[in-house]
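This is what each chain is made of:
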Amino acid sequence: MFIFAMCIKMAIDMKVLLLFFVCFMTYSCHSRNHSDSSEVSSVDTLFEVGNSLKLYLSDGVRPTSGYVRYYEENGKSYLVQGNERQKTIRVYDFITGKPMDEVVLNAGEGEFYAHHPDTAFVIGRSKGKASVNAWIKGEKVSLDIPIHVRRGHIEQYPRCWKDGAVHVNGKWYFSCFRMGEYPDEMKSGKERFPLLELDLDTKNHRFVGAYPDVYASNNMGTMNYWIPELCRGNNDMVLVGFKASPEMLVYSPATGESRFESVKSVYADTIPLPLTEKGRDYFSESDSYYYFAQYSHYGPISYDPWKKIYYRFVGIGLDDWNLEPSPFLQQQKKWSVMVFDASFRKLGEQFLGDAYHVDFHFVSPDGLFLLNKGKGENVAEYTLFKYNKE
């Protein structure tokens with residue numbers, strides 16, 4: 001009888017324990033779902049959507065033919081766009097969107113950026129050097145930049161597609177992409193330079209800045225992580241963003257000093273990064289491209305000098321491991337945009353979805369304009385986002 005009673009007690013205890021376990025798991029799942037929901041709810045509504053702006057394009061010009069830049073001259077507002085294929089500069093009336101003028105350059109192959117109707121750059125590539133050709137007020141200036149190549153990957157390669165160049169204190173600044181890293185090649189972020197500083201008057205140049213140390217500790221194998229973004233920031237600073245890190249390099253052309261500032265996205269608090277121990281075919285269905293699509297990354301940065309705030313876009317990881325690997329999978333990412341002030345204090349973040357080409361945007365006194373997807377070949381339509389938290 002005693003043994004039988006003990007068995008009954010043990011059975012009851014097991015039922016109680018099982019009931020407690022089920023209740024705990026139910027509460028745990030509920031808490032986890034609540035936590036995820038609260039994280040998403042931290043995404044704000046920061047903008048009012050205003051009227052769209054249409055740019056009327058000519059034959060051979062596509063909405064994504066080149067970066068658009070806003071400028072003012074003689075009391076009027078304009079947009080300038082460089083055509084990457086045709087090497088032409090098109091000027092649009094900012095109010096009507098109608099073309100006003102076109103400048104045709106006798107330029108060779110290379111990345112093309114139009115900063116102003118009288119200022120444009122073409123950067124070409126060849127083994128061991130980058131050729132920078134500048135057209136400044138009718139005069140052409142050419143300069144070859146030696147490029148150190150080691151173990152088959154490029155050290156620093158200046159670029160002007162798609163984020164252009166920054167002009168501060170008489171000097172030009174270009175971001176420099178790399179073809180990835182091999183493990184144990186890089187010990188510190190200071191060993192790699194994301195910026196080219198170019199003085200066209202003296203034809204002097206130097207590489208400046210640094211990468212965040214996360215790049216040294218992870219040795220990312222994919223080229224995607226090694227394409228920085230830049231913009232001209234507050235107080236004539238040059239700001240450089242990195243796809244694998246919330247950190248941004250703040251470089252002072254006046255003093256040559258730099259520092260890092262960090263603003264985190266709710267979608268990219270941490271970014272798992274792949275290690276690579278072998279060479280890479282950059283256009284294969286490699287694991288590195290697959291990881292880049294699946295995980296979030298930090299994208300383009302712009303500064304609004306009228307409101308004194310920054311916009312930084314974030315590509316949201318697909319997080320769908322049933323998708324087949326493809327180098328073009330990253331194009332399916334949705335986007336958000338963070339807003340932070342000149343002191344790098346985050347003001348909020350808004351989900352944007354996938355309806356816009358965020359690489360093709362510009363800022364005017366009205367606000368932030370984003371290029372709409374799929375609106376036809378003859379018209380480029382931009383949606384206005386007006387920051388409403390002032």
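Up top is the structure these notes are about.
Quick notes on the rules
Residues numbered from 1 in each chain as written. Predicted model: local features only at pLDDT ≥ 70, side-chain atom pairs only at ≥ 80, totals over all residues. Heavy atoms only, no water. Helix = DSSP H or I, 4+ residues; strand = E, 2+ residues; numbered from the N terminus. Areas by Shrake-Rupley, 256 points an atom, 1.4 Å probe, with all protein chains shown as cover. 1 Å grid on protein atoms, 1.4 Å probe; cavity = no way out; pocket = protein on both sides within 12 Å on 5 of 7 lines; lining within 4 Å. Points joined across faces, edges and corners; volume = space filled by probe spheres on them. Nonpolar A, V, L, I, M, F, W, Y, C, P; charged D, E, K, R; others polar. Phe/Tyr/Trp six-rings, centres within 6.5 Å; stacked < 30°, edge-to-face > 60°. Buried < 20%, exposed > 50% of the residue type's maximum accessible area, 1.4 Å probe, protein only. Lys NZ or Arg CZ within 6 Å of the ring centre and 35° of its normal. Core = buried A, V, L, I, M, F, W, Y, C linked by side-chain atoms within 4.5 Å. Contact = heavy atoms within 4.5 Å.

### Side note on the overall build of the chain
Inference 1: A tally of regular secondary structure across the chain gives three helices and 27 strands.
Inference 2: Of the roughly 19500 Å² of accessible surface on the chain, a fraction of 52% belongs to carbon and sulfur atoms.

### What to know about the layout of surface pockets
A water-sized probe, rolled over the atoms, reveals where empty space remains.
Inference 1: For the second largest pocket, the calculated volume is near 290 Å³.
Inference 2: Taken together, 13 residues make up the lining of the second largest pocket; nearest its centre are Thr119, Ile136, Lys137, His167 and Trp172.
Inference 3: Of all the secondary structure elements, the ones that give two or more residues to the lining of the second largest pocket are β6 (111–116) and β9 (139–146).
Inference 4: Here the lining of the second largest pocket is composed, by residue class, of four nonpolar, five polar and four charged.

### Comments concerning empty space enclosed by the protein
Inference 1: Across all of its chains, the model carries one cavity of 30 Å³ or more by this definition.
Inference 2: By volume, the largest cavity amounts to about 50 Å³.
Inference 3: As for the largest cavity, its lining consists of Gly66, Tyr67, Gly82, Phe112, Tyr113, Ala114, Cys160, Trp161 and Lys162.
Inference 4: With three residues, the single largest contributor to the lining of the largest cavity is β6.
Inference 5: Here the lining of the largest cavity is built from residues that sort into six nonpolar, two polar and one charged.

### Examining the packing of aromatic side chains
Inference 1: In this structure the tally under the stated criterion is 32 aromatic pairs.
Inference 2: Consider the rings of tyrosine 71 and tyrosine 78, whose centres lie 5.5 Å apart with planes at 25 degrees: the pair is stacked.
Inference 3: Tyrosine 71 sits in the buried class, given a relative accessible area of 8%.
Inference 4: Chaining the aromatic ring pairs together yields one cluster made of Tyr70, Phe94, Trp306, Phe362, Phe369 and Tyr382.
Inference 5: Across the ring face of tyrosine 157, the terminal group of arginine 125 is positioned such that the distance to the ring centre comes to 5.4 Å.
Inference 6: Sitting over the ring of phenylalanine 292, lysine 333 keeps its end group 4.2 Å from the ring centre.

### A short note on the nonpolar core
Inference 1: With 34 residues, the main nonpolar core has Tyr173, Leu195, Tyr215, Val238, Leu239, Tyr310 and Phe344 as its most contacted residues.
Inference 2: Contributions of two or more residues to this core are made by β13 (166–168), α2 (214–218), β17 (229–232), β18 (238–242), β19 (245–251), β21 (297–304), β22 (309–316) and β23 (334–341).
Inference 3: Once you skip the residues sitting within four places of it in the chain, leucine 239 turns out to touch Glu229, Leu230, Cys231, Met248, Leu249, Val250, Ile301, Tyr310 and Phe344.
Inference 4: Core analysis: the second largest hydrophobic core is formed by 24 residues, Tyr67, Tyr113, Ile123 and Tyr289 among them.

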